[in-house]
Amino acid sequence: MCFSNIVNFDINGCNYKLPVVYGTYCYEKAINISQLRENTGFITFDPGFKNTGITKSSISFIDGEKGELLYRGYPIEQIINKCSFIETSYLLLNGELPNTGQLKSFSKRIEEFNSISKEIYKIFDKIPAFYHPMGILSSLTCILTAFTDSSTIQEEKDIYFHLLAKLPILAALTYRKKVGLPIHYVDVEKTTNNNNNLDYNYTYNLLKMFFSVPKKSYQINPVIPDALEKLLILHADHEQNCSTTTVRLLSSVHANLLSSVSAGISALWGRLHGGANQAVIEMLENILNSGGNIKKWIEKAKDKKDPFRLMGFGHRIYKNFDPRAKIVKKVAENVIQKLGISDPILELAKELEEIVLKEPYFMEKKLYPNIDFYSGIIYQAMGIPKDMFTVMFALGRLPGWMAHWKEMRLNREPIGRPRQIYIGYKKRNIH
Ligand code: SDX
């Protein structure tokens, strides 16, 4: 049952009417306040935009109460079993899944851009090894602007292939510098994805750029590329999360895609956002190394005076299980089992989740595990260092950021410039 199309409200005895905006699902409804200040002199006040829709988008949809996530209408549970990350990227950018021919040319276009200027390697050499990988990725993504002249990018849509090809190279350079491996040039290998379509095999080549060692043929347990493919897909888009909204804001002022994505990477770095996957593992290691007393840490998380939060739990939108967390947990268990490693951190994570989900404090506040709770366990098992977990998140989120940047431009939305409630000094003079 949809709501009416108008809301009535009174301010100081005057009656006002504002239109109601509906989404695809009519329980997603909004009061359109674009004329509010003009008509009433009031603005709204909503720190953190908890109740504010900043745009209309058709890219992804989250039903937080049901714990559902759709990419262009397809449930994430279907995407994860039927699509590759490159097919998912095509879907997010173009609105439909690619047919075989479209997938082949999409993959081919990415291959065309999978090298970087030697100037970048020179810049890279100057970056101190102690610089956080997310800072390196954000900086180098912005520097790519200098190497993306019109001769490189014949058409605007090439910029998407350019970034899809180059971000993994920048991530791999960062990893190899960090662990002291020689910088390895990507060489493309074609295999078939899970739909038996020949595609660039993006994920296999990403891992090869990270881990291959000169003069040794590259072998990898197939459970790893399969797990990474799933993680990239699960991270690909998520409505107006902080980093995606950041990218949209930059798009609204016509910043170019590379600098917009660079800003998105910086936003994702925040420990309450994408940086949480690193913080979760550090938290679990802390709990383990301090004796494994889970109850003590749960009490700390509940204590308002204690700044400690249970990293990997809670979400602005999901007030039920994060559907991605359920999938990541299964992938983590499969990877650990197939690699034959016993991981005390995974065991602790499962024990912690079980205890928390029975804890009234967390149940009342509807705090469930989010995507960051188990993902670090998989990255760690792959040999990815902790401070690169969020880099892996960024590699997955890239198609979503690009799709939102593109949607913003196509919809010609106004510059994102919110108002404020001023609480500073009244006008005064310098004496
Ligand atoms: C991501 O937006 C997205 O979609 C993000 C993301 C994506 O794909 O882009 O899903 C990825 O960023 C996932 C979230 C990763 N971050 C963490 O795991 C960090 C720990 N979680 C919290 O910091 C928190 O839950 C947030 C940041 C995720 C959500 O914060 P909100 O929506 O602003 O909620 P809040 O801080 O207002 O908390 C509501 C209440 C508070 O208690 P009260 O003041 O009401 O008494 O719940 C409590 C909070 O103290 N609370 C927690 C908690 N999370 C919330 N208490 C203990 N531990 C926690 N983790």
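Residues numbered from 1 in each chain as written. Predicted model: local features only at pLDDT ≥ 70, side-chain atom pairs only at ≥ 80, totals over all residues. Heavy atoms only, no water.

A. Representation of a positive patch on the surface in the model. On the surface, a cluster of positive charge is contributed by K50, K304, R309, R316 and K365. With respect to the secondary-structure elements, R316 resides in the loop between α13 (294-302) and α14 (323-338). (Patch = residues over 30% accessible without salt bridge, like charges linked within 9 Å, V, L, I, M, F, W, Y side chains within 5 Å. Areas by Shrake-Rupley, 256 points an atom, 1.4 Å probe, with all protein chains shown as cover. Salt bridge = Lys/Arg side-chain N within 4 Å of Asp/Glu carboxyl O. Lys, Arg positive; Asp, Glu negative; His and termini not counted. Charge placed at Lys NZ, Arg CZ, Asp CG, Glu CD. Helix = DSSP H or I, 4+ residues; strand = E, 2+ residues; numbered from the N terminus.)

B. Broad picture of the packing of aromatic side chains. Going through the model one piece at a time under the given rule, you end up with 18 aromatic pairs. An angle of 70 degrees between the planes, with centres 5.2 Å apart, marks the rings of W297 and F308 as edge-to-face. Separated by 11 residues along the polypeptide, W297 in helix α13 and F308 in the loop between α13 and α14 bring together distant segments of the chain. According to the relative accessible area criterion, W297 is buried, its value standing at 10%. (Phe/Tyr/Trp six-rings, centres within 6.5 Å; stacked < 30°, edge-to-face > 60°. Buried < 20%, exposed > 50% of the residue type's maximum accessible area, 1.4 Å probe, protein only.)

C. Seen up close, the site of the ligand. Taken together, 24 residues surround the ligand, and among them H238, H315, R316, R324 and R397 come closest. Within the side chain of R316, one N or O atom sits 2.8 Å away from an oxygen atom of the ligand. Note that an oxygen atom of the ligand is positioned 2.8 Å from one of the side-chain N or O atoms of K365. Against a free-state accessible area of 1,000 Å², the protein chains account for coverage of 79% of the ligand. Looking at the shell around the ligand, its residues break down into nine nonpolar, seven polar and eight charged. (Near = heavy atom within 4 Å. Polar contact = N/O pair within 3.5 Å; in protein donor to acceptor, adjacent residues only side chain to side chain. Nonpolar A, V, L, I, M, F, W, Y, C, P; charged D, E, K, R; others polar.)

D. Representation of empty space enclosed by the protein in the model. Applying the stated rule across the entire model yields four cavities of 30 Å³ or more. Every residue along the wall of the largest cavity is listed here: P128, A129, Y131, P133, I136, T174, K177, K178 and D387. Looking at the lining of the largest cavity, the elements that each hand over two or more residues are α6 (133-143) and α7 (158-179). The greatest single-element share of the lining of the largest cavity, amounting to three residues, is contributed by α7. (1 Å grid on protein atoms, 1.4 Å probe; cavity = no way out; pocket = protein on both sides within 12 Å on 5 of 7 lines; lining within 4 Å. Points joined across faces, edges and corners; volume = space filled by probe spheres on them.)

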